[in-house]
Protein chains: 2
Amino acid sequence: MTDQRRIAGLPGLGEIGLGNFAPYLMNRIMGRYNASLRADLAGLGLSTPKMRALAVLSVIDAPLIRELAVYAVVEQSTLSRALDQLAGEGLIQRETDAGDSRATRVHITETGRAAFEAMWPKMAAAYARMFQGIPEDERRAFVATLQTMLGNIRKHDF
Amino acid sequence: MTDQRRIAGLPGLGEIGLGNFAPYLMNRIMGRYNASLRADLAGLGLSTPKMRALAVLSVIDAPLIRELAVYAVVEQSTLSRALDQLAGEGLIQRETDAGDSRATRVHITETGRAAFEAMWPKMAAAYARMFQGIPEDERRAFVATLQTMLGNIRKHDF
DNA sequence: CAGAATTAAATGCGTTTGCAAATATCCCGG
DNA sequence: CCGGGATATTTGCAAACGCATTTAATTCTG
């Protein structure tokens, strides 16, 4: 029944099998990783967009908002509102770009950095659990493949 | 500055680097994969939960709704409403389980299968793009690592 | 075997999301 | 150096989401 349908030569999902289809596995894994983090961080008043913004800002200094949206994997309109909250809580500061007054750069504050550092152990724990029993060389190969994939699909050059 | 903070021995995100942190890369990649699919499928009246349910149902026959929620990586309440729509459009059918009248099994209809097969080329194309230039053995190793990871983090045994 | 505890699915409800439009600024060609 | 088009961010709004609760049925326990 399934076979007759694919005259085109394109293998179907049935032939591949859900458990061998990389995007499916990645969604399953990240679904749980993110849900688990969200539960951990809800107590700290941090939504997913807020924590992602903080995480990126802990590493990248004073990006433009549109850049932050890409790095943090958050829609720009959602990010805009998340930044409202973070600014209200004193975790970040918005500052108009020196050379372009349309644009806004975002800085993490000391309080913001402390908030990120308070949540980092949760992220690290989720990461450790995910890679449990996977040897170092396999991890490296995995990350290398991910980097290639990101290069394949990203639209911006960062 | 960053160094002084980590007396604990846990490497910080700064030391690892965003671009080497696997969960970050996976979120970046899946963020774009999912956004791109969503845009493709919006025209067909399919939301992400609806398309995921259909995709799983094209491969797994008559699961319980709670199983489908796990496989499809959709909250149960969201899935319940997505199934309302899919049923209204004749793409699936709900049927009370024979042995447990609390439970409901979900069947894909012929129309539903056709709808999935209409969208599959989009998914396959996104997949192909993602793995562009990655040799077969590297892909296999990558999927094997993903399978280990899923085993590490899943709460149910499916 | 009665009642408590558990499990499956649906639903109420406040919050969040994302698209599209609005606003403000900048850049480029003529 | 003026006006049209591009770019950065915010905001309006309707739809979607997720938590917690409800309803219904099953299973466990004393």
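Now for a description of the structure that goes with this document. Treat the numbers as computed from the prediction; the structure is a model and nothing was measured.

The rules we used
- What you see as residue numbers is a count from 1 along each chain, following the sequence as written.
- Following the order in which they are written, the chains are lettered starting with A and the ligands numbered starting with 1.
- At least 70 in pLDDT is required for a residue's local features to be given in this predicted model, at least 80 for side-chain atom pairs to be given and counted, and no such filter applies to totals for whole chains, interfaces and linings, which use all residues.
- Side-chain measures were taken over the full set of non-hydrogen atoms in the model, leaving aside hydrogen atoms and water.
- Note on definitions. A residue lies near a molecule or strand when any single heavy atom of the residue is within 4 Å of it.
- Contacts described as polar in this section are N or O atom pairs within 3.5 Å, which, within protein, must combine one atom able to donate a hydrogen with one able to accept it, while residues neighboring in sequence count only if both atoms come from side chains.
- Strands are runs of DSSP state E lasting at least 2 residues, helices are runs of H or I lasting at least 4, and numbering of each runs from the N terminus.
- Asp, Glu, Lys and Arg are counted as charged, while Ala, Val, Leu, Ile, Met, Phe, Trp, Tyr, Cys and Pro are counted as nonpolar; the rest, among them Gly, fall into the polar class.
- Note on exposure labels: buried denotes an accessible area under 20% of the residue type's maximum, exposed denotes more than 50%, and partly exposed covers the range between, all computed with a 1.4 Å probe on protein chains only.
- The contact rule is simple, with two residues in contact once any of their heavy atoms fall within 4.5 Å.
- Note on aromatic pairs: the rings of Phe, Tyr and Trp (six-membered ring only in Trp) are paired at centre separations within 6.5 Å, and the planes decide the class, stacked below 30 degrees, edge-to-face beyond 60, tilted for the rest.

We now examine the protein's contact with DNA strand C. The environment of DNA strand C is formed by 20 residues, the closest being Arg81(A), Ser101(A), Arg102(A), Arg66(B) and Arg102(B). Here a phosphate oxygen of DNA strand C and a side-chain polar atom of Ser80(B) are 2.9 Å apart. Contacts to DNA strand C include Arg94(B), whose side-chain N or O atom sits 2.9 Å from a phosphate oxygen. Mapped onto the surface near DNA strand C, the elements with two or more residues apiece are α6 (76-88) of chain A together with α5 (65-72) and α6 (76-88) of chain B. Considering each element in turn, the surface near DNA strand C owes the most residues, four residues, to α6(B). A per-class count over the surface near DNA strand C returns four nonpolar, seven polar and nine charged.

Residue and element names in this part refer to chain A. You can see Glu95 is positioned in strand β1 (residues 92-96). The exposure class of Glu95 is partly exposed, given its relative accessible area of 44%. Once the C-alpha coordinates of Glu95 and Asp157 are considered, the two residues, 62 residues apart in sequence, prove to be 24 Å apart. Sequence-distant contacts of Glu95, defined by excluding residues within four places in its chain, comprise Ala103, Thr104, Arg105 and His107. A polar contact is formed between the side chain of Glu95 and the side chain of His107, at a distance of 2.7 Å.

Here we take up the packing of aromatic side chains. For the coordinates displayed, the defined rule picks out eleven aromatic pairs over all chains. Plain terms: the ring middles of Phe142(A) and Phe142(B) are 4.8 Å apart, the flat faces sit at 15° to each other, and that makes the pair stacked. Highlighted residues: Phe142(A) in helix α8 (residues 136-153) and Phe142(B) in helix α8 (residues 136-153), drawn from two different chains. You can call Phe142(A) buried: its relative accessible area is 2%. Relative to Phe142(B), the ring of Phe131(B) has its centre 5.8 Å away and its plane inclined at 70°; by these criteria the two rings are edge-to-face. One end of the pair, Phe131(B), is in helix α7 (residues 110-131); the other, Phe142(B), is in helix α8, and eleven residues separate them in sequence. You can call Phe131(B) buried: its relative accessible area is 1%. Through successive ring pairs, a cluster of aromatic residues spans Phe21(A), Phe116(A), Trp120(A), Tyr127(A), Phe131(A), Phe142(A), Phe21(B), Phe116(B), Trp120(B), Tyr127(B), Phe131(B) and Phe142(B).

By secondary structure assignment, the location of Thr145(B) is in helix α8. Owing to a relative accessible area of 2%, Thr145(B) belongs among the buried residues under this scheme. Within the local environment of Thr145(B), its side chain forms a polar contact with the side chain of Glu138(A), the two groups lying 2.7 Å apart. Setting aside anything within four residues of it in sequence, one finds Thr145(B) in contact with Ile134(A), Glu138(A) and Phe142(A).

Turning to the protein's contact with DNA strand D, a few remarks are in order. Contacts to DNA strand D come from 20 residues, most closely from Arg66(A), Arg102(A), Thr104(A), Arg81(B) and Ser101(B). When atoms of DNA strand D within 4 Å of the protein are sorted by moiety, sugar and phosphate together comprise 64%. Between DNA strand D and Arg38(A), the relevant distance is 3.5 Å, taken from a phosphate oxygen to a side-chain nitrogen or oxygen of the residue. One of the side-chain N or O atoms of Arg102(A) is found 2.8 Å from a base oxygen in DNA strand D.

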